[in-house]
Every structure is written in C-alpha cells, then in structure tokens.
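# Reading the structure
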Amino acid sequence: MEATTSLLDAAAVGDLVLLDPLTEESLLHTLQERFRHSDIYTYIGNVVISVNPYQSLPIYTPEKVQEYHNCNFFAVKPHIYAIADDAYRSLRDRDRDQCILITGESGAGKTEASKLVMSYVAAVCSKGEEVDKVKEQLLQSNPVLEAFGNAKTIRNDNSSRFGKYMDVEFDFKGEPLGGVISNYLLEKSRIVRHVKGERNFHIFYQLLAGGSAQLLQQLKLHQDCRHYGYLNRESSGLPGMDDAANFRAMQDAMRVIGFSPAEVTALLEVTAVVLKLGNVQLSSSFQASGMEACSIAETQELQEICQLIGLDPSILEQALCSRTVKARDEMVRTTLSVPQGYYGRDALAKNIYSRLFDWLVNRINTSIQVKPGKQRKVMGVLDIYGFEIFQDNGFEQFIINYCNEKLQQIFILMTLKEEQEEYIREGIQWTPVEFFDNSIICNLIENSKCGILAMLDEECLRPGVVNEDTFLTKLNQLFATHKHYESKETQNAQHVMDASLPSQCFRIHHYAGKVTYNVTGFIEKNNDLLFRDLSQAMWASQHALLHSLFPEGDPQKVSLKLPPTASFQFKASVATLMKNLYSKNPNYIRCIKPNETKTAMLFTPELVLAQIRYLGLMENVRVRRAGYAFRQLYDSFLERYKMLSPRTWPRWTGSHREGTEVLLADLAFPPEELAFGHTKIFIRSPRTLFDLERRRQERVAELATLIQKIFRGWRCRTQYQLMRKSQIIISAWFRGHMEKNKYKQMKRSALIIQAYARGWKARRAYRRYFRSGASTRLANFIYRRLVQKFLVGLARNLPPLLVLDRTWPPAPYKFLADANQELRSIFYRWKCKKYREQLTPQRRALLQAKLHASELFKDKKALYSISPVPSLQQPFQGEYLGLTQNPKYQKLHAVAKDKLVMADTVRKVNRANGKAVPRLLLLTTEHLVLADPKAAQPKTVLSLGDIHSISVTRFSDGFLALHLKETSTGGAKGDFLLISDHLIELVTRLHQTLMDATAQALPLHITDQYGFSTRFPKGAMAITVVESDKVGSNIPVCKKRGSNKMEVLVH
Ligand SMILES: Nc1ncnc2c1ncn2[C@@H]1O[C@H](COP(=O)(O)OP(=O)(O)OP(=O)(O)O)[C@@H](O)[C@H]1O
Ligand SMILES: [Mg+2]
C-alpha cells in the first residue's frame, strides 16, 4: 500500500504521529532527512508542516494536481495539495465551511503556500467560461495586492506587510462564485522609513522600472530611484526580482480583475504623489515675530504634486507649513517648526498610501464579490504577516506578533486544548498531555481593562503631557510580576542584570520567543493623527480618487471626536477574524523557515528546533498519538457506514450507539483502535478510518451496482410486460377483427344459400298452384289496360285542331313514349291534311305563291321580313290596277285577257339619266308587258322566255333588274331596271309563271351593295347598290355616275 511507503518510511516518516521514539531530536531529524530528500511537507495527523526549500521544486505540476485530485489523504505522499483537496472535498461533499490557517514566521513560505492552495482549488474545480473568469479574478488579486502590500525585508524579499484573509465562496456544486478579501494593518511606516537593506513597497520600484517614458512623464516621475527620498536614495535592483516585468504583470492582473484604464491611471497618480511628497523639502525661516517657521525649500515638487491632483499649490503649502488650532472657540493659525512640518508631510504620505491600499482592496472586492442571495459555502485562506523579531522592534512588530499570538491560540485551542477536553467530556480514558497555553500572553496584550493595548489607548486619550515614558511606567507598574513581561525596571526590581534590555523598551515572552519592543513611536503610531488642514487640503483636490480617500476633510463634517486608535481598530478586526475562523473547520499549514539566509536547501537545525518548540509541534504529535485521529457522533457515523454490516443495513432499529458497536464488531477492528464515548465514537489511527472509508467506497460501489441491477431488471421487466400486454391486446383485436369479417362473409353466404334454398323449396311446394303463363297474361292485360286508358284519355282530350297549335300531351308511361311521338306526328299531319282539304283553289294558289315567295326570299332579302306581304292576312292581290273596272285600261285588259297573272304600277329607271318613270306592268302566263300609264298602250312586250334572270338587292327596297337573254327580240333594248311596290309578289309570280310555262327555274340574284352588271345596247353598266340612311318615298333613287355606272340608293 502506498500509504505504507509514504507515511511509514523508516528513515523519515511522512506522518510524525508514527515517529518512534518521539523526541525533539527524532522529530528534528525526521524533518531534516525529509528536507534532504526534497520532501518539504510532513504531516502531524492532518496538520501539514511545510519547510521552505527556497528553490523551485517540480512538485506543483498539473500532473501532480491530477494525482492529488480526489486522492485519499493518507494514501499519497504528504503535500500541500492533499490538505487543499481534503478541505475542498469536505466543503463540497460534507457542506462544511473551511478555513486554511497558514502560520509561520516571516519568510517561512505562508504567502507561497496560500497561492498554492488557491491555484490547486482553481485547477480542480469545474471549468466553464464564467467559472474561469471568477477563478482568474481571484488568482489575479495576488499580484496587485503583493505589488502594493509587499516589500523586501531583511528576512524575506517578498514579505507581506499586511494581513490578508480571503474568503473564497463556492456554490453547492463546488464551483467558485467569487470572494471577499479582508486586509489587516498595512505597515505604513515603511512608506517614510525603512532600515538599510530593506525596501519600500514594491509598487514604487515597479512603477519606476516598468512604467513607459510617457507614463512617467504623465506622472511627473524620474526613472531613477535614487531621486526619491522615500526610497532611501538606494539603487533599486533586487537579485531574482524583475520589477519591470512584475509591473506589467500587475497591470495585466488589474485588467483581468476589471479595473478601467482611468482607475489604473488614478491609482498610479496617487502612488506618484506619495513618492513625490517625500521630496518636498522644508527649510526654516524666521518670521517677523522672531519665531522660527518652516517653509517649502523648493516649490518645484510641490507644484508638480498639485498639478497631478488638481489643487492650488498655495493650499498644500499652507497645510504643510502651518496648522489651525482651536483656542477658546477661535481658530488660530500657527506656523509649524521644520520637524513638525516633516512630521505632517510624512503622516500625509502614510495616510494617503494606507487609504489607497484600503481602496484597492475594496475595489478588488467589488469585482470579485458574489451577488447576494446565492447560497454558498466558504473556504477562507489566512495569510498574515509572520512572527517577527528584529534588532529594533516597534509598534508594528508588536501588533504583528500579537496577531500571531492569537493564531497560535486558535491552534492550541482547537488541536490541543479542546481535543483533550473533549476526551474527558466523552468519558474516554485519558492521560492529559502538558502543553503551553498562550492565553496568558494574549490576555497580557489584549485585556480590555488592563492589557498593554488598553493602556496604550488610555495613554493616547489622556489629557495632559502624553509620552511613551508615562506609558512604559504604567506597564511596569501593572505587570511588575507578570511572567511574560520584562523591562529594565522589573529586572532591577528583581536584581537581574541584563544589558540587552535598554531602558526605553519592554520585553514580552511570546510563544515564539522573547521580543524586545522599543516604546518610541508607540503613542504617535497608535494615534495615527493627521493634521486636519492636510486632510482638508486633500479633500479640496480635483482628483476624484484622492478626494474620496479623505471624507473627513469636508469642512461640513468637522468632528471633534478623536478617530479610533490603530490598536483599537486592529484588536477589533482580529476579534472578528477569530470569530470567523472558529466558525469554520480549520486546516493547518505550519510553515517553517530552515535558515536565515534564504539559501536553497540549507537546514539550520537550531533555527528549526526553535520553531518546532514554539509552534508546539511536539505537543501536537503527543496529543495526536495519545488521542484519536477521528471522532464522530454515533448517528452520523452509523448513517455513513451502516452499509458495512448486514446487521445494520439497510435499517438499524436500536440506539445509534448500539448500532455503531454492532457495526464495528462485525468489521473486527482491534479494540485499541476504538473508543466509545458518551455521544461519539473515537477512532485512533487514520489508517483505520482510511480502511473504513475504503470499505465504504467498495460497498457503495457494490450497492450502486445492486441498485443499478435491480433498477435495470425492473425497467426491462416492466417494459417487457408492457410490450407483452400491448401485444396481447393488439392480437386480440386483430383476431377478433378477422373472425368478425369471416363470420360476416359466412353469414352473407349462408343467407344467399338459404334464400335460394327457401326459394327453391317454396317454388317446389307451390308449383302445382301456379298456372304457367299467368304472369305474361297478367302483364299483357295490364299493358293493354294502360294503353287503352292512354288512348281513350287522348281521344277525350285531343289538342285544338289549329294548324299552328303544336301542343300534345306527354306520354304517361315511358313504354308509351315512342307511340305517343308517332301519334303526335300522325295527328299533326292529319290536322294539316284537313286544313288543306278545306282550302279554295284561289286560296291554295295564293298559299302556293306565298310558299314560293318564302323559298325565294326568306332570310335573303330584308324586304321580305319587314313587308306585310308574306303574312297570310296580306294576300297577293295580283290585280292592283283594276283593269276591268277602269275603262281606260280596256285595251290592256284585252291583251291580258284570261291569262293575266298580275297587273301593277311600276317605275322604270331611265338608263340614260337614272330617272324613274311610271309604267303599267302586266304579267300574263306568257308575256310581260310594260305600258304607258297615260295612254295605257303597251310599250314593251316581252316573252317570258326572253327573261334570262332577275337581280334584286338584299335590302328592303323595290328595285329589280330584269336581265334579258341577248338572243331575244325584246332583249335588244337591253335589261330593264324597275322599281315596284310589290316586288316580292312580282318576282314570285314571275318565277312561278315561268316555272309553270317552261318548267325551268328563273335565276334570281340577290346582291349586296357591290351590285351587279346590266347589259344595255350601249354596253354593260355597273349597278352599285349604296345603302342610304335617308328615309324618303322616292327611295330607291338611281343616280348615273359616268357613262357606264349607276348608283342605287336604298335603305
Ligand atoms: N514551496 C516553496 N517552493 C519554493 N520556494 C518557496 C516556497 N515557499 C516559499 N518559498 C520562497 O520563500 C520566499 C518567502 O516566502 P513567502 O513570501 O511565502 O513568505 P511569508 O511566510 O509569506 O513571509 P512574510 O511573513 O514575510 O510575508 C518566497 O519568495 C520564495 O522564494
Ligand atoms: Mg507573506
């Protein structure tokens, strides 16, 4: 098992709990051996000890991340990733808020460890565009905060000069949502002063080295660090640190976090102002009153500052060189001495910078904060400045070490004190392990009534002469007999000779060693006062960011209340932090610094031993060894592991404790591995727990398979049953349908057969009652009856006998239709015959003439249809002249005698001029006679045989051309053009007479307007018929047009 090789390595065990024998030497030796093999991480249970290698090791690769992802804590080599993974999984799977406490002295590797934890968590939690953005923002907050909050110290080139606690917030799936950063007490005195060999905050060097020429010009800065008083006029270079590259990285990080370019510029402008303030030189001058007063020695720098922040230089000059004081309700301006002026200037620079740093943290928080309302789990990572012992320790070191003391207290409380108390509470047999409880030191410092910090505050607020001497005297009185407090005075009282403790100092025996603090500056730093004139001057500036940093500079808000002291604020924020940490599940990373020279892989045993002692590692191991690695309430334990025994799975009905006992008895662990408390089960070694977890995992996998199996079986079964049921229903319906069809078919066939059979049987049975042919006779009888009825009905209701009446009743039955039609035509013909028979010969002749006229003219000449002539009521008269009555026509009458067919008056058209002259026309059975009406003498007598043809127009006129045969005697005169009022009758009678005489039809031409040609003795003449719209009696009118053309106007 890998756990054996990693943790039980004989030479250097991975978990110090397994160390045998357990002595300080063996522990130190183990750490040294492991360090020699580059194993910088070692466990004490679940506490990780990390020894700073001061060189980069290949143990932080993505492959390593994968190796530790979801690993079992005890199955892999000790690594910071393992504790990060354990914390992350506990947060995600067990829903417990976590905090990772990283402690150790300055340079021990806390900041690096915190970054490793963060990057590990970022690497293993899920990916996605939004999540990656959050992760990037959280990670990128480091370079920005390090640039502004870290500096090179003697102990550490990248020492954190502020405390940082970062809460990373996750959702229920373990995806990061955002975070909140809290910062603690920035060491702002570094702005104006730092010891030789150290540096100011990184940002100043980064800005000068990495800022482009244009940026520096914009910020009115010189590239050379030696130009600036606050940078100690030292050269900037630091081996292994590329300030320019770091500046670019910082700018990139700001962009990722979400700083706008304007914000970055504003930030750098304020930074530049701080740097330039250090170059504002003051000089003394004498006033008229003879008093010494300070003034600006050289105004160039001051003016540039004022240009950068948009402020009138005179305001800043006045604020730097004088001060307004209130004297008896009156504001009096007093000038400052040069040291006072420098004090004010430095206080301003420190204040600007520390407020800028707070703004920066807030600004980052705005970007990474989680929207309210989301449910979250929190992983807090604490990276606070480490314990510090310098040659000369001041207020800052006192505060820093107090904070570390508090963290040690948490550690003691949670790992040593509370654990032992729990064993006793739970009734577990226990031999108490001695350990040093540092609450006495914490109390010495923080006691609200008589602690050092309370005394300092009291001294600061006390009216009258206040200085460090009175403060120290007070401490000496109060803590004269305190075991952890020492000063020259207390030593003297105890007759102890100690040259290392000067009179201006007091010494505290911290958990990590004795530290001598020089009280000089304690009061001033604790008061942290900034002359009101300066804050008002800053508030008055046009620079929005700077203006916002000094809200108390608003003259409207002048308050006489003193601001809270630095120590008061710090104590309060440490108390909040402690409360926060107590509420979470702690995970410890204890960093150890192996040498003082930052040398790679150098292990100084004495130095490490000192840390082993003050970190209380021996006690930690002892408690861990004597104690139990794991404890859990019976109900939770049983709930988690009950599946490991068939007696407790799936349900245990007894008490939780009994269930746990039964379960563990079944698992057969050695009895010394277990202890049963009142409410909790205790398991001694991590390996037993690991074994339990492994068995649980296997069993859970088995159970999952079982559930899967049963579920799959159930699913398949139900699906099969469903399909089967459906199939049965479908086939039942189908069969039913088939059978129904078959049955219907059979029924139909049976019925037919039945019908035939029954018919056949009935016919056979009744045959003898039938007379053959009865039906035909019946039918015939019925037919006859119907026909008879039809005929009789018809005879009774015969239609009228009028020839023109064609009505006839319809056939009452279809079979009578043909007969009815026949009867109808017979009846009609009979009706006509009857009509004809009653006609007189004259009437018949007349009708024949009409018929003839109809054949000749119907639908051919317009005159026929408009003339009243064709109607039977208007018979052809034939004799219109009254030959017999009029004696004048005696002669003519004699000519015609019995042969007269028609006598009428016509007009003859003169061929020469087209004029018409009246003539009497007589038609006999042989001749056509034209006579002069006056003389009643025949003028022209034509034999009918001479007539060749007749031409008439198609219009309603009475114009006609009588074409004569060329060979005839009468024809010598040429054709006749006549106009008759009885044209239809004339032509018809002529045609009829000729037909009767010669049995030949007289050709009749009915022409249109193109006319025809006539023949005259002088030659042929073209007659053109012209349709005229003139209505007059003399129509038609003939007009001669030229010698052989004549127009006939008709209508
Ligand atoms: N795991 C590590 N691997 C390689 N080098 C490391 C590791 N941890 C720390 N270091 C080195 O040690 C130096 C100091 O570490 P770090 O800044 O983390 O100390 P710190 O404990 O935060 O000190 P301070 O209290 O002064 O801030 C780092 O700059 C780095 O060079
Ligand atoms: Mg640090």
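Let me begin by describing the structure that accompanies this report.

Thresholds, definitions, all that
Residues numbered from 1 in each chain as written. Chains lettered and ligands numbered in written order. Predicted model: local features only at pLDDT ≥ 70, side-chain atom pairs only at ≥ 80, totals over all residues. Heavy atoms only, no water. Pairing = 2+ DSSP bridges. Helix = DSSP H or I, 4+ residues; strand = E, 2+ residues; numbered from the N terminus. Axes fitted to C-alpha atoms, helices over the stretch in contact; angles between N-to-C directions. Contact = heavy atoms within 4.5 Å. Donors = N, O, S within 2.8 Å, 3.2 Å for Na, K, Ca; no water. Buried < 20%, exposed > 50% of the residue type's maximum accessible area, 1.4 Å probe, protein only. Patch = residues over 30% accessible without salt bridge, like charges linked within 9 Å, V, L, I, M, F, W, Y side chains within 5 Å. Areas by Shrake-Rupley, 256 points an atom, 1.4 Å probe, with all protein chains shown as cover. Salt bridge = Lys/Arg side-chain N within 4 Å of Asp/Glu carboxyl O. Near = heavy atom within 4 Å. Polar contact = N/O pair within 3.5 Å; in protein donor to acceptor, adjacent residues only side chain to side chain. Nonpolar A, V, L, I, M, F, W, Y, C, P; charged D, E, K, R; others polar.

This paragraph deals with the sheet that holds strand E13 (residues 485–487). With antiparallel pairing, 3 strands are arranged side by side in an open sheet as E13-E14-E15. One side of each edge strand has no neighbouring strand; the edge strands of this open sheet are E13 and strand E15 (513–518). Averaged over all pairs of adjacent strands, the angle between their axes in this sheet comes to 25°, without regard to strand direction. Sheet strands touched by helix H16 (residues 439–446): E13 and strand E14 (505–510). Its angle to E14, the strand with the most contacts, is close to 150°.

Moving on, we come to the coordination of the magnesium ion (ligand 2). Of the protein atoms, only Thr111 (OG1) and Ser160 (OG) coordinate the magnesium ion (ligand 2), at distances of 1.9 to 2.1 Å. Here serine 160 lies in strand E5 (residues 159–160) and threonine 111 lies in helix H5 (residues 110–124), a separation of 49 residues in the sequence. Its relative accessible area of 13% is what places threonine 111 among the buried residues. Residue serine 160 is classed as buried on the basis of its relative accessible area of 9%.

Below, the discussion takes up a nonpolar patch on the surface. Where nonpolar side chains cluster on the molecular surface, the patch consists of Leu461, Leu529 and Leu562 and spans about 280 Å² of accessible area. Within the secondary structure, leucine 461 sits in helix H17 (residues 452–461). We classify leucine 461 as exposed; its relative accessible area is 53%.

Moving on to the pairing of E14. Counting buried positions along E14 yields 6 of 6 residues, so the element is predominantly enclosed. Residues of E14 alternate between two faces, with Cys505, Arg507 and His509 on one and Phe506, Ile508 and His510 on the opposite face, all of them buried. Relative to E15, E14 runs antiparallel, the two sharing 6 bridges. Opposite cysteine 505, over in E15, you have asparagine 518 as the bridge partner. Linkage of E14 to E15, two consecutive antiparallel strands, is achieved through a turn of 2 residues.

Now for the site of ligand 1. Taken together, the neighbourhood of ligand 1 is formed by 19 residues, with Asn52, Ser106, Thr111, Ser159 and Ser160 sitting nearest. Serine 160 is positioned with one of its backbone polar atoms (N or O) 2.7 Å from an oxygen atom of ligand 1. Considering ligand 1 on its own, with 630 Å² of exposed area, one finds that the protein chains cover 87% of that surface. Tallying contributions element by element places H5 first for the shell around ligand 1, with 3 residues. Partitioning the shell around ligand 1 into residue classes produces 5 nonpolar, 11 polar and 3 charged.

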